[in-house]
Amino acid sequence: MLRLVVTICLAATVVAFTQPNIVLIMADDLGWGDVPWHEPLAIAPTILNLANTGIILDRHYTQPICSPSRGALMTGKYPARLGLQHLIIGAGEPWGLMANETIIANYMKQLGYDCHGVGKWHLGYCSWALTPTQRGFDSFYGFYNGHETYYDKTTHKFFDFRLDRPGEGGHVDEDVIWSANGTYSAYLYAERAAKVISEHDVETAPLFLYFAHHNVHFPNEVPIRYFQMYEGIVQNVKRRTLLAMVTAMDDAAEVVVSALKQAGMWENTVFIFFSDNGGPIEGIGNGQVNYPLRGGKYSYWEGGVRSASFIYSPMLPGGQVNQELLHVTDWLPTLTHLGACGVHGDPGCQGPLLGDIDGVNQWSMIAKGAKSNRTEFLVNIDQKANNAAIRMGPWKLYQGNPGKGDWPPPPRLNEKLYNKQFSEDQKVRAEYENDHQYIFLDRSYDKLKVQLYNVEYDPAETKEVSKQNKDIVQILTDRLDYYKSRAVEPRNVPRDPASDPTQFGGCWTPWLDSC
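Conventions used here
- Residues numbered from 1 in each chain as written.
- Predicted model: local features only at pLDDT ≥ 70, side-chain atom pairs only at ≥ 80, totals over all residues.
- Heavy atoms only, no water.
- Buried < 20%, exposed > 50% of the residue type's maximum accessible area, 1.4 Å probe, protein only.
- Helix = DSSP H or I, 4+ residues; strand = E, 2+ residues; numbered from the N terminus.
- Contact = heavy atoms within 4.5 Å.
- Core = buried A, V, L, I, M, F, W, Y, C linked by side-chain atoms within 4.5 Å.
- Pairing = 2+ DSSP bridges.
- Axes fitted to C-alpha atoms, helices over the stretch in contact; angles between N-to-C directions.
- Disulfide = S-S within 2.5 Å.
- pLDDT = per-residue confidence, 0-100.
- Parallel < 35°, antiparallel > 145°, perpendicular 65-115°, else oblique.
- Nonpolar A, V, L, I, M, F, W, Y, C, P; charged D, E, K, R; others polar.

Brief notes about helix α2 (residues 66-75)
Summarising burial for α2: 10 of the 10 residues are buried, a large majority. Among all positions in α2, only Cys66, Ser67, Pro68, Ser69, Arg70, Gly71, Ala72, Leu73, Met74 and Thr75 are buried. Tucked into the core, α2 has its buried residues touching β3 (21-27), α3 (104-110), β6 (114-120), β12 (207-212), β13 (269-275) and α8 (331-341). Just downstream of α2, glycine 76 is the residue with a positive phi angle, here 75°.

Some details on the nonpolar core
Grouped together as the largest cluster of nonpolar side chains are 64 residues, with contacts concentrated most on Trp37, Phe271, Phe273 and Phe310. Setting aside chain neighbours within four positions, we find phenylalanine 271 in contact with Val23, Ile25, Leu50, Val256, Val257, Trp266, Phe310, Ile311 and Tyr312. Among the nonpolar cores identified, the runner-up in size contains 56 residues, and Ile55, Leu123, Leu130 and Phe140 belong to it.

Things to note about the sheet that holds strand β17 (residues 376-382)
The strand order across the open sheet formed by four strands is β17-β18-β19-β20, and the pairing between neighbours is antiparallel. Strands with a single pairing partner mark the edges of an open sheet, and in this sheet they are β17 and β20 (450-454). Strand after strand, the sheet turns through a mean of 10° between neighbouring axes, direction not considered. Pairing of strand β18 (residues 387-392) with strand β19 (residues 395-399) involves five bridges; the strand directions are antiparallel. Within the sheet, the bridge partner assigned to isoleucine 390 lies in β19 and is leucine 397.

Let's talk about the state of the cysteines
Applying the stated criterion across every chain, the model contains two disulfides. With its sulfur 2.0 Å from that of its partner, cysteine 341 forms a disulfide with cysteine 349. Judged by the torsion about the S-S bond (-80°), the cysteine 341/cysteine 349 disulfide is left-handed. In this structure, cysteine 341 and cysteine 349 share a single accessibility class: buried. Described in terms of the sequence order of its bonded cysteines, the disulfide pattern of the protein chain is 1-4, 2-3.

Side note on the confidence of the model for the protein chain
For the protein chain, per-residue confidence averages 90 on the pLDDT scale, and residues scoring 70 or more make up 89% of the total. With pLDDT under 50 throughout, residues 1-15 is counted as low confidence; its partners more than four residues away or in other chains account for 36 contacts. Low pLDDT (under 50) marks residues 413-443, which in the prediction has 66 contacts with non-local residues, meaning those over four places away or in another chain.

Let's talk about the packing of helix α1 (residues 45-53) against helix α6 (residues 237-262)
As a packed pair, α1 and α6 sit with axes 7 Å apart at the nearest point and diverge in direction by 65°. Considering the angle they form, α1 stands roughly perpendicular to α6. Packed against α1, whose contacting residues are Pro45, Thr46, Ile47 and Leu50, the element α6 presents Asp250, Ala253, Glu254 and Val257 at the interface. In terms of residue class, the contact of α1 with α6 is made up of five nonpolar, one polar and two charged.

Quick notes on the sheet that holds β3
Sheet architecture is open: 10 strands sit in the order β11-β10-β7-β6-β12-β3-β13-β14-β4-β15, paired in mixed fashion. In this open sheet, the two edge strands, each paired with only one partner strand, are β11 (172-176) and β15 (320-322). Taken pair by pair, the neighbouring strands of this sheet meet at an average axis angle of 15°, ignoring direction. Along the sheet, helix α4 (residues 185-199) contacts β6, β7 (139-143), β10 (162-166) and β12; its crossing angle with β12, the most-contacted strand, is approximately 175°.

Here is the structure:
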């Protein structure tokens, strides 16, 4: 096994340790109430067992939508500093996460890791320089765009599924996998992840595997055998399909875990799971549930940005629920520290220099139960939408319209079992209403230019308290002004006609020399 020798100058000692393998699974559009530790009807034994025997990260936050969350994860920076803060990168649009940004795979390569990506990219592909294998990944298997059909692998009527590897002279060796048409995506991703693991040489390098699932993003597609597993349990077809997609995702996780065990890598692996944002509750929702959290994907409410998450490793104490604050930007400094210093590294060990990022190293919080190294985070600043939000301590401040803010509960499936999940320690004061009804409140404050909530006392965001806490509003406003001074304008641009896939054999493909 590869060993990294770290010298701690102050102590004049040399510490040798085995670098851990790191597997990061990001689900897509998974709601707070869609995971098996919140939804007792979900059949997902693998992730349920890992969550219950690992560390549930109960205050894990992301961005409210796909591309911004992925950019924040990759760079450790708030999307408002990257120009990624407004909506997403659409198919054929000539922009993305800028090529001069160093991402997590670049850093892990510097630390000696083999880095592989599986699944969804969604950070731009207008030029090859923006694609994964030009940014530190040794391979990428999946699709570039934000969504596609699960069986025929098309988005906007054209194909998007490939295996990329770094080529000579800065080129990409690409293989468009037309044969993937007809096979459910989760099966292919699990098979590819298992192949990467089985072919990995643990004697020469540790493994960093980034597995960005497509499940449970729309469209509603799942093999019939998963749908049949909920017969007599879930009556609502949308909800039943959603939970079936969760089960398919769980089966893929089991394939990964089994492959790691068979390769003798499991005991030295750190396994991370979280969703890129909350579940959508309108429009393109598949039947996701964020209840009792308010709002969903696209919104700044808790249901849009508080992400179901856990971390598991045989090397970590388990059976815990960590209530400390953690943001998606923290994974870059946390995982590079882990790669440089090990699971039980010397407290004086420092990870690589990461420059001016927004994330903070949270390994001591995760591994030792220490306090979080952050007390605040920027939810977002979107100049085009004219809105912004910040959390500081227990307080969350909204400027402008934070997005749709209802509390749609799940279809009435098994009320007794479901309500049991929302125990008193979550301080939820929202009342469970009838099937498909909402919580009814005085909504007059929704039109306020500024809203303030205490999300520790009131995680369902039912009571607006700006008038009673004007001093807190001013403190958070001043801090938000600081972040605004560091923000850049959104970089969104419309689709380029030159991206037309008919010019590339019917497949979405990079089309510019630079962008």
